[in-house]
Amino acid sequence: RGREGAPYSTLVPSDEVTISYRHGLPVITLTLPTRSERCRFPVKPMMTTVGAFLRDVQREDKGIERAEVLATDGSKVSDATLMEVLLMNDFKLVINSTAYSVSPPVKDRLSSERATEMEDIRSLVHRLFVALHLENHQIRKERELLQKLDHLKEELLPLEQMKARITDSADAKTSRLLWVGLALMSTQGGALAWLTWWVYSWDIMEPVTYFITYGSAMAFYAYFVVTKQDYIYPAAKDRQFLHYFYRKSKTHHFNVERYNKLKEDLAEAEESLRRLRQPLHLRLPIQEINDKE
């Protein structure tokens with residue numbers, strides 16, 4: 001029984017379908033049922049599939065309604081199977097209601113020298129293919145990356161302008177805060193000096209300065225508890241700058257995450273273009289390089 005349980009009426013001996021090798025390629029000879037004539041079908045075993053072979057047979061004889069290949073145990077052979085794999089063992093060729101028993105001839109194994117030559121030829125063909133097509137692929141990829149870079153730069157341009165305005169505003173506020181801090185510290189120092197030498201004595205002001213120092217130490221420790229960072233002036237300045245920056249970004253509806261994602265994509269595209277152009281410039285003529293730049 002064939003596919004879906006459909007029976008075939010006749011099992012024909014293997015001499016009705018013969019396989020011979022000509023110029024290293026297998027040639028399958030069989031009798032077309034409608035025209036009752038022998039027909040040869042050369043196949044390329046490493047490229048032709050079972051499905052392609054069966055379609056060739058059906059195109060040759062329009063009266064063939066059913067064509068399939070079965071293994072010796074009756075299971076169907078997939079149409080995607082290469083003919084090289086099929087010709088390694090016996091099989092059955094079913095045409096309409098007739099099943100032909102086929103026994104491929106045993107092909108002599110290639111010698112080690114011949115096998116090495118074949119591998120060298122395949123390697124040479126692969127290198128030729130790469131040499132002929134890689135440059136075009138690189139040029140096409142470069143154009144895609146350039147288009148992507150232009151698109152990313154267009155998206156980033158308004159965001160860069162908005163970021164520059166927000167950065168200037170946050171930097172100005174941070175600088176003003178630093179100057180205010182310096183002014184307060186100067187005022188505090190002057191007030192303590194005035195109270196020490198003109199109003200009170202050092203005996204009275206010493207406990208005051210002690211508690212001021214202790215209060216400052218408590219403030220620095222509280223900063224560490226809240227931020228998990230030591231109170232270092234550059235780090236504190238950067239933290240205050242970011243505070244102003246994000247608050248201003250929210251006011252101006254500046255999408256920081258979108259901006260960072262675009263910058264990352266831009267850097268990635270530029271790096272890909274740099275890596276692509278390095279081998280590309282080694283292959284392109286000087287004029288084409290200059291035209292592209």
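Criteria and thresholds
Residues numbered from 1 in each chain as written. Predicted model: local features only at pLDDT ≥ 70, side-chain atom pairs only at ≥ 80, totals over all residues. Heavy atoms only, no water. Helix = DSSP H or I, 4+ residues; strand = E, 2+ residues; numbered from the N terminus. Buried < 20%, exposed > 50% of the residue type's maximum accessible area, 1.4 Å probe, protein only. Contact = heavy atoms within 4.5 Å. Areas by Shrake-Rupley, 256 points an atom, 1.4 Å probe, with all protein chains shown as cover. pLDDT = per-residue confidence, 0-100. Salt bridge = Lys/Arg side-chain N within 4 Å of Asp/Glu carboxyl O. Pairing = 2+ DSSP bridges. Axes fitted to C-alpha atoms, helices over the stretch in contact; angles between N-to-C directions. UniProt positions renumbered as here; feature names shortened; annotations may be inferred. Phe/Tyr/Trp six-rings, centres within 6.5 Å; stacked < 30°, edge-to-face > 60°.

**Q** Run through the overall build of the chain, naming residues and quoting values.
**A** Along the backbone of the chain there are 7 helices and 7 strands. When the helices and strands of the chain are read in sequence order from the N terminus, they spell out β-β-β-β-α-β-α-β-β-α-α-α-α-α. Taken across its 293 residues, the chain has 27% of its residues classed as buried. Put simply, 60% of the contacts in the chain that link residues at least 6 apart link residues at least 24 apart. On the chain, roughly 20,700 Å² of surface is accessible, and the fraction owed to carbon and sulfur atoms is 57%.

**Q** Go over the confidence of the model for the chain, please, and point to the residues and values.
**A** Averaged over the chain, the pLDDT score is 78; the fraction of residues at 70 or greater is 79%. Within the chain, the element-level pLDDT minimum falls on helix α7 (residues 286–292), averaging 42, and the maximum on strand β5 (residues 67–71), averaging 89. pLDDT under 50 marks residues 1–5. Its contacts with residues more than four places away, or in other chains, come to 12 contacts. Across residues 280–293 the pLDDT falls below 50, and counting only partners more than four positions away or on other chains, this stretch makes 16 contacts in the model.

**Q** Quick rundown of unusual backbone geometry? Include the residues and the values.
**A** Of note in the backbone geometry, N96 takes a positive phi value of approximately 55 degrees without being a glycine. By secondary structure assignment, the location of N96 is in the loop between β6 (91–95) and β7 (98–102). Positive phi, normally seen in glycine, also occurs at H253, with a value near 60 degrees. Residue class for H253 comes out exposed when judged on its relative accessible area of 71%.

**Q** Residues and numbers for the pattern of salt bridges, please.
**A** Scanning the entire structure with this criterion turns up 7 salt bridges. Its salt-bridge partner being D56, residue R59 comes within 2.2 Å of it at the nearest N-O pair. In this pair, R59 and D56 are both assigned in helix α1 (residues 50–60), 3 residues apart and thus about one turn of the helix distant. Residue R258 is joined to E155 by a salt bridge in which the shortest nitrogen-to-oxygen separation is 2.4 Å. With R258 in helix α6 (residues 256–283) and E155 in helix α3 (residues 112–199), this residue pair connects regions lying 103 residues apart in the sequence. With relative accessibility at 35%, the residue R258 sits in the partly exposed group. Given a relative accessible area of 27%, E155 falls into the partly exposed group.

**Q** Could you give an account of the environment of H243, with specific residues and numbers?
**A** Residue position: H243 is located in helix α5 (residues 233–251). Sequence-wise, H243 and T174 are 69 residues apart; in three dimensions their C-alpha atoms are separated by 9.5 Å.

**Q** So what's going on with the sheet that holds strand β4 (residues 37–42)? Which residues, and what values?
**A** Strand order in the open sheet made by the 3 strands is β2-β3-β4, with antiparallel pairing throughout. Sheet topology places β2 (18–22) and β4 at the edges, where each strand pairs with a single neighbour. Across the sheet, the axes of successive neighbouring strands diverge by a mean angle of 30 degrees, strand direction being ignored. Relative to β4, strand β3 (residues 25–32) runs antiparallel, the two being bridged by 6 bridges. Counterpart to L30 in the pairing with β4 is C39. On top of the sheet, α1 reaches β3 and β4; it is set at about 145 degrees to β4, its chief contact.

**Q** I'd love a proper account of the environment of L159, names of residues and values included.
**A** Mapped onto the fold, L159 is located in helix α3. Here L159 falls in the buried class, since its relative accessible area comes to 17%. A sequence separation of 96 residues divides L159 from N255, and the C-alpha atoms of the two residues are 8.4 Å apart. Sequence-distant contacts of L159, that is, excluding residues within four places in its chain, are made with F254, R258, Y259 and L262.

**Q** Tell me about the UniProt feature "transmembrane region" (unreviewed entry) in the chain, residues and numbers included.
**A** This chain's UniProt record puts "transmembrane region" (unreviewed entry) on residues 177–196 and 208–226. With 100% helix and 0% strand, the stretch residues 177–196 has end C-alpha atoms that lie 28 Å from each other. For residues 208–226, the helix share is 100%, the strand share is 0%, and the end-to-end C-alpha distance is 27 Å.

**Q** How would you explain the packing of aromatic side chains if you had to name every residue and give the values?
**A** Evaluated as defined, the whole model comprises 6 aromatic pairs. Where F254 meets Y259, the ring centres are 5.7 Å apart and the plane angle is 50 degrees; that geometry is what we call tilted. The pair F254 / Y259 is uniform in exposure class, with both members buried. Following the ring pairs from residue to residue traces out a cluster consisting of F241, F245, Y246, F254 and Y259.

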